[in-house]
Amino acid sequence: MIWVSSRQHRAETLVVTLVLAILAALLLKTGLDMASAYQQLGIGACLAETRRSQTCNTALYAFQGGFSFAISAIVWLNVLPALLGLFVGAPLLARELEQGTFRLAWTQSVPRLRWLEVKLALVLGVALLASAGLTALLTRWFSPLRQFGALYFPLTFDFEGTVPLAYAAYALTLAISAGALLRRVVPAMAVTIAGFVAARAPVELWLRPRYLPPITLTGDPGKVDAMVPKTDWALDNGWVDQMGHQVHTGAVLATCAPGQNSIDFQGAFAQCTHAHGWLMSITYQPADRFGLFRNIETAIFVALSVALVALTIWIVRRRIA
Amino acid sequence: MNDQALNETAFALETTNLSKRYGRKGWALQDATLRLPNGRVAALVGPNGAGKTTLLHLAVGLLNPTGGSVRVCGFDPDQQPKETLPRIGFVAQDHPLYKSFSVADMLTFGRKLNPRWDDDLALRRLQRLGIPLKRAVGKLSGGQQAQVALALALAKRPELLLLDEPIASLDPLARREFLRTLMEATAEGGLTVLLSSHIIADLERVCDYLIILSASRVQLAGEIDEILRRHKLLVGPRADPTAVASVHNIIEASHTPRQTTLLVRLNGVIFDPSWEVRDVSLEDIVLAYLGRPSVSEDTDAGRSALVASAKGSAS
Amino acid sequence: MTWLTWRQHRIEGLILVVVLAVIGVFLLVTGLEMANSFQQFRLSNCLGQISKGSSSCYELGMAWNSQYGGFLRGAALLPALPLLLGALVGAPLVAQEVEQRTHLLIWTQSITRLRWLTVMLALVLGAGLLASGALLALLSWWNSPSVQIYGDSFGPRVYDTSGPVWVATTLLALAVGIFAGALTRRTVAAIFLTMVLFVAIRAPVELLWRPNFETPVTVTYSIDQQNPPALSNQDWIVSQGYIDAQGNRSTNLREGCAKDETLRQCLQTNGVQANYIAYQPGDRFWTFQWIEAGIYLGFSALALGASVWLVRRRLS
């Protein structure tokens, strides 16, 4: 059964291995480059400075500029789970159903469910293993950037710990169940893409900031800004009046800093806002909650995956002629 | 002779040294030379892999020849598709259809893509067979799908109908129904049929022309009446077949210690009284040809090889 | 033939319309909100003085980012839409026909293979044209506030979804998809090949060629100058860094700076004579768009030509 599966899917396995190997090589190279540049330019010490010197700013600029391309390229790794679903998950059942070969596969000596179990276990197992390896690599890759606090926040969350594995499991199981339901490969692929985006986007953009109620601090600009450490995840940055009603940032800037190049939170700006009774309000999630958030998000996608596996098993057992 | 004076289009299908090779994989068809006269119902028989599908696909322009030429109703199917395609009707192996289309959709398909389309013909046929027009083709039985494919091909009003193993996947009832439909269509006249099969028994009733393809070569081609007349079984006491082989073509020989049986293609009369001459069934003739070593009769080397094998087969 | 193309692909057509509608609604709703917000921000007047690299409107940028950063990140995926169209609609066009053996049926009706392919190409490419065109105006309008704040009109999120390039990449993806299908004749392999080819064409053009469609304008300034010369916010900085005594350019300092050095000392130790900025002026945007669109159309023509050759000569 294992031999049959690996023989059937050897083309995909080959391609996936190749892609992962190339990816790993690229990550290694750029990661090492970034780590050494970090050392050379003294970024660590630089970030610790409260008042940044010109040399520090230059160094920061050079560092961030030099690697901005690599960082924006990394963002595209978010599509990897979807690709996995597309090329490994969608054809898994759909191709057999579309071409009728399931009639051959399911009348061998291995009962239908066992066949499915073994396939699922193999495919998920290998996928999770590969994801774990890639995640480990990415976690190391991100270590210089983590010193910047939550500046690169979504990335460092999405590619760390158990979260990427949960994404991979979800994409795979979604694709496999779509294949079982629709019985045709291309529609299963379309559903996979739609379902992956439809789950990831709302969870990341809407649910994740709210796993626990965020903390809001209001006060004078200078004070509030200092109270929120750089490592924490700033969600929203706004202004409220004495009654707690929202004031549009544009209005505040127009009144207290019209046409100005830069704003000093201590000086005249702060006096102006104080005079108008405006308070700066920062809503944020503290960094010590990140671990919990990761677990919550992992749990969400694992729960979805489990439900999808159950759906697949039900379909295979009951519905297919 | 007289043939040369006739119009080119006296032959529905004409191939001259037609050959097809797939890359390094070897020859699918070699030096096939055929002249299928108009109005015949021809059977193309041979084992799997003999080149039947290749020959049919060359005839309808799905393949282009590696060597030689093919002409359908006088036109080159590869170079002149605009003239050839309206004149042919083709049903490929396993009668491919658009599974998600309804039967009515398939008729619309035919109507839109063929200038000479007889919608009534198709409708009448399908109605008589009780095939529901609204149902999706994928939900029909194998026999019904084959009938739909045949109706589509016939409604094109072709001059030459080519069918690739049309009855292979049909049950006996569906098979008989299909052949009956075919006979009716040919009875209306103006149609030449070439159908390939590896089941010979059914074809004998329906066909009047036979082409035997084996190991990518044409082994035999001709009118069935003529073939039956020219092939005889010679039974006699154990003897060396060389004498017979010098005049006639020995197709198959078998020897027991006391008896020799030869299946020959006669090139004249048997004078030797020690041979008893019997008729042979078409099926036995075909099997004999298929069992022969794959050499060409047109070369000396081929001929001697055939003689040697005739001598050598002892039972 | 028109009827057949429609009948075969009508479900894909409907899904395309639905997807377009969903995206359209998303763009409309979020775009209105952003436009509203932008009006409010306009009052701060700093937009009029905003220039590249300066920290003016910093607050504005931060506020905008915190409110709409999510949408903007999501919108970064929009340039992938043409690829999806090409992979899921273009690639199966020929591949599925051969994989499911219906090519034996359709290519023995009374139309030639060439006619079959050209009619299908015309209809599918036409549909792609319409679909991308439908979103075009909406996308420009949606991007406009962010572009005025960030000045990233040459960045992928904006550039790839603007004007001629947006339409040309849609056609490219479809053409490459059809070619991949004609070449591999198997649907999953064709979809994969489409993605590989599309990225293989787009990435070098976007990353290597685009910054150099026209020679960038270079500005040098001395190391004594604290701030770089002001550029318009819509300009695109292609590279910046240091020039040494020999006139060689580099984007990194050879040795880095010591902690207590001033900037000037640091640059001198590193052998830097002057700073430079190489940029593409913002008014070259549309020229670049047409150049790049032309490149993609060229590739599309290649792919389509190859497809025609494959279908006529090689298949079956």
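(A) Representation of the overall build of chain C within the structure. The secondary structure content of chain C amounts to 10 helices and six strands. In terms of principal-axis extent, the alpha carbons of chain C reach across some 80 × 50 × 30 Å. Looking at chain C residue by residue over its 316 residues, the buried ones come to 52%. Taking the contacts inside chain C whose residues are at least 6 apart along the sequence as the reference set, 82% of them involve residues at least 24 apart. When the accessible surface of chain C is totalled, it reaches about 13700 Å², and 62% of it is carbon and sulfur. Across chain C, the 21 positively charged side chains and the 17 negatively charged ones have centroids separated by 17 Å.

(B) Up close: the overall build of chain B. Across its full length, chain B holds 12 helices and 13 strands. For 315 residues, the compact-globule formula gives about 20 Å, and the C-alpha radius of gyration of chain B, at 22 Å, lands near that figure. Looking at the 315 residues of chain B, the share that counts as buried comes to 51%. Considering only residue pairs separated by 6 or more positions, chain B has 67% of its internal contacts joining residues 24 or more positions apart. Carbon and sulfur atoms provide 49% of the accessible area of chain B, an area that totals close to 14400 Å².

(C) Structural view of the pattern of salt bridges. Throughout the structure, instances matching the rule amount to 32 salt bridges over all chains. One salt bridge in this structure joins Asp279 of chain B and Lys232 of chain B, with 2.6 Å as the shortest N-O distance. Linking Asp279 of chain B in strand S13 (residues 276-279) with Lys232 of chain B in strand S10 (residues 231-237), this pair joins segments that are 47 residues apart in sequence. The network of salt bridges with shared partners includes Asp158, Arg200, Glu204, Arg208 and Glu297 of chain A together with Arg73 of chain C.

(D) Region of the structure containing the sheet that holds strand S7 (residues 192-197) of chain B. Residues and elements named next belong to chain B. Strand order in this open sheet of six strands is S5-S6-S7-S3-S8-S9, and the pairing throughout is mixed. The strands lining the two open edges of the sheet, one partner per strand, are strand S5 (88-91) and strand S9 (217-223). On average, each strand axis in the sheet is inclined to that of its neighbour by 15 degrees, with strand direction left out of account. Relative to strand S6 (residues 160-164), S5 is paired through four bridges, and the arrangement is parallel. Bridge assignment links Gly89 to a residue of S6, and that residue is Leu161. Contacts between helix H6 (residues 142-155) and the sheet are confined to S5 and S6, with S5 contributing the most and set at about 170 degrees to the helix.

(E) Quick peek at helix H11 (residues 282-291) of chain B. Buried residues of H11 of chain B: Leu282, Ile285, Val286, Ala288 and Tyr289 of chain B, and no others. Each buried residue of H11 of chain B sits inside an arc of 160 degrees when the element is viewed along its axis, so together they form one side.

(F) Molecular detail of the domain arrangement of chain B. Residues and elements named next belong to chain B. The domain boundaries assigned to chain B delineate domain 1 (11-214) and domain 2 (226-311). For domain 1 versus domain 2, the separation of C-alpha centres amounts to 34 Å. If you look at the interface, domain 1 gives 10 residues, while domain 2 gives six residues. The largest per-residue losses of area from domain 1 upon contact with domain 2 belong to Ile200, Leu210 and Ile212, which jointly make up 58% of the total buried on that side.

(G) Inspection of the interface of chain B and chain C at higher detail. Listed as interface residues are 31 residues of chain B and, on the opposing side, 22 residues of chain C. Taken together, both faces of the contact between chain B and chain C bury some 2400 Å²; the carbon and sulfur share is 60%. Area buried by chain B at its contact with chain C is led by Leu62, Tyr98 and Leu113 of chain B, which between them contribute 28% of it. A salt bridge links Asp105 of chain B to Arg7 of chain C; the nearest nitrogen and oxygen atoms lie 2.6 Å apart. Linking chain B with chain C are 10 residue pairs in polar contact (both at pLDDT 80 or more), by the criterion used here. Among the secondary structure elements, those contributing two or more residues to the side of chain B that touches chain C are helix H3 (81-84), S5 and helix H4 (103-113) of chain B. Considering every element that reaches the side of chain B that touches chain C, the biggest residue donor is H4 of chain B, with six residues. Tallied by class, the residues present in the side of chain B that touches chain C amount to 17 nonpolar, eight polar and six charged.

(H) Molecular detail of the state of the cysteines. Across all of its chains, the model carries zero disulfides over all chains by this definition. In this structure Cys73 of chain B is a free cysteine whose sulfur lies 18 Å from that of Cys207 of chain B, the closest cysteine sulfur available.

(I) Quick look at the sheet that holds strand S4 (residues 67-72) of chain B. Residues and elements named next belong to chain B. Judged by pairing direction, the sheet is antiparallel, and its three strands sit side by side in the order S2-S1-S4 without closing on themselves. A single partner strand is all that each edge strand has here, and the edge strands are strand S2 (27-37) and S4. Here the average twist between neighbouring strands, direction ignored, is 20 degrees. Two elements, strand S1 (residues 11-21) and S4, share five bridges in a ladder whose sense is antiparallel. Along S4, the bridge assignment pairs Ser19 with Gly67. On the sheet, helix H2 (residues 52-59) packs against S1, S2 and S4 and is oriented at approximately 120 degrees with respect to S1.

(J) Region of interest: the packing of aromatic side chains. For the structure on display, the rule yields 26 aromatic pairs over all chains. Taking NZ or CZ as reference, Arg210 of chain A lies 4.6 Å from the ring centre of Trp206 of chain A, over its face. The ring of Phe101 of chain B is capped by Arg7 of chain C, whose NZ or CZ atom sits 4.3 Å from the centre of that ring.

(K) Expanded view of the arrangement of the chains. There are two pairs of chains in contact here; the most contacts are made by chains A and C. A gap remains between chain A and chain B, with no contact made and the closest C-alpha atoms lying 11 Å from each other.

(L) Quick look at the environment of Arg186 of chain C. Assignment of secondary structure puts Arg186 of chain C in the loop between helix H7 (163-184) and helix H8 (187-209). For the pair formed by Arg186 of chain C and Glu97 of chain C, sequence separation is 89 residues and the distance between their alpha carbons is 9.2 Å. Excluding residues that lie within four positions of it along the chain, Arg186 of chain C makes contacts with Arg95 of chain A together with Ala95 and Glu99 of chain C.

(M) Seen up close, the packing of helix H5 (residues 80-99) of chain A against helix H9 (residues 163-182) of chain A. Residue and element names in this part refer to chain A. The N-to-C vectors of H5 and H9 enclose an angle of 25 degrees; their axes lie 7 Å apart at closest approach. Overall, the two elements H5 and H9 adopt an arrangement that is roughly parallel. Crossing handedness for the pair H5 and H9: right-handed. Contacts between H5 and H9 involve Pro81, Ala82, Leu84, Gly85, Val88, Gly89, Ala90, Leu92, Leu93, Ala94 and Leu97 from the first element and Tyr167, Ala168, Ala171, Leu172, Ala175, Ile176, Gly179 and Ala180 from the second.

(N) Quick peek at a nonpolar patch on the surface. Residues and elements named next belong to chain C. Residues Val25, Leu28, Val29, Leu32 and Trp141 make up a contiguous nonpolar surface patch of roughly 460 Å² in combined accessible area. If you tally residues by element for the nonpolar patch, the top one is helix H1 (residues 2-42), at four residues. Among the structural elements, Val29 can be located in helix H1.

(O) Main features of the pairing of strand S4 (residues 236-244) of chain C. Residue and element names in this part refer to chain C. Of the strand pairs in this sheet, S4 and strand S6 (residues 272-280) are connected by eight bridges, and their pairing is antiparallel. Across the sheet, the residue bridging to Gly241 is Tyr276, located in S6. Bridging between S4 and strand S5 (residues 249-250) involves two bridges; their strand directions are antiparallel. Of the residues in S5, the one forming a bridge with Tyr242 is Ser250.

(P) Structural detail: the side chain of Asn275 of chain C. Residues and elements named next belong to chain C. Mapped onto the elements of the fold, Asn275 is located in strand S6. Residue Asn275 is classed as buried on the basis of its relative accessible area, which comes to 8%. Once you skip the residues sitting within four places of it in the chain, Asn275 turns out to touch Val219, Thr220, Tyr221, Ser222, Ile223, Gly241 and Tyr242.

(Q) Expanded view of the pairing of strand S4 (residues 279-285) of chain A. Residue and element names in this part refer to chain A. Of all seven residues in S4, six are buried, a share of seventy percent or more. Here strand S1 (residues 215-219) pairs with S4 via five bridges, running antiparallel. Following the sheet pairing, Gly219 is matched in S4 by Met280.

(R) Structural context of the environment of Glu33 of chain C. Residues and elements named next belong to chain C. Along the chain, the position of Glu33 falls in helix H1. You can call Glu33 partly exposed: its relative accessible area is 41%. Spatially, the C-alpha atom of Glu33 lies 9.9 Å from that of Trp142, the residues being 109 residues apart in sequence.

(S) Representation of the packing of helix H10 (residues 185-207) of chain A against helix H3 (residues 81-99) of chain C in the model. Contact geometry for H10 of chain A and H3 of chain C: axes closest at 11 Å, N-to-C directions at 175 degrees. Viewed along their axes, H10 of chain A and H3 of chain C adopt a mutual orientation that is roughly antiparallel. Between H10 of chain A, through Val186, Met189, Ala190 and Ile193 of chain A, and H3 of chain C, the contact on the second element is made entirely by Leu84, Leu88, Pro92 and Gln96 of chain C. Taken together, the residues of the contact of H10 of chain A with H3 of chain C break down into seven nonpolar, one polar and no charged.

Thresholds, definitions, all that
Residues numbered from 1 in each chain as written. Chains lettered and ligands numbered in written order. Predicted model: local features only at pLDDT ≥ 70, side-chain atom pairs only at ≥ 80, totals over all residues. Heavy atoms only, no water. Helix = DSSP H or I, 4+ residues; strand = E, 2+ residues; numbered from the N terminus. Buried < 20%, exposed > 50% of the residue type's maximum accessible area, 1.4 Å probe, protein only. Contact = heavy atoms within 4.5 Å. Areas by Shrake-Rupley, 256 points an atom, 1.4 Å probe, with all protein chains shown as cover. Lys, Arg positive; Asp, Glu negative; His and termini not counted. Charge placed at Lys NZ, Arg CZ, Asp CG, Glu CD. Rg over C-alpha atoms; globule rule 2.2 N^0.38 Å. Salt bridge = Lys/Arg side-chain N within 4 Å of Asp/Glu carboxyl O. Pairing = 2+ DSSP bridges. Axes fitted to C-alpha atoms, helices over the stretch in contact; angles between N-to-C directions. Arc of directions from axis to C-beta. Domains from an automatic or database assignment. Buried area = accessible area lost by both parts, 1.4 Å probe. Polar contact = N/O pair within 3.5 Å; in protein donor to acceptor, adjacent residues only side chain to side chain. Nonpolar A, V, L, I, M, F, W, Y, C, P; charged D, E, K, R; others polar. Disulfide = S-S within 2.5 Å. Phe/Tyr/Trp six-rings, centres within 6.5 Å; stacked < 30°, edge-to-face > 60°. Lys NZ or Arg CZ within 6 Å of the ring centre and 35° of its normal. Parallel < 35°, antiparallel > 145°, perpendicular 65-115°, else oblique. Left-handed = near helix turned anticlockwise from the far one by under 90°. Patch = residues over 30% accessible without salt bridge, like charges linked within 9 Å, V, L, I, M, F, W, Y side chains within 5 Å.

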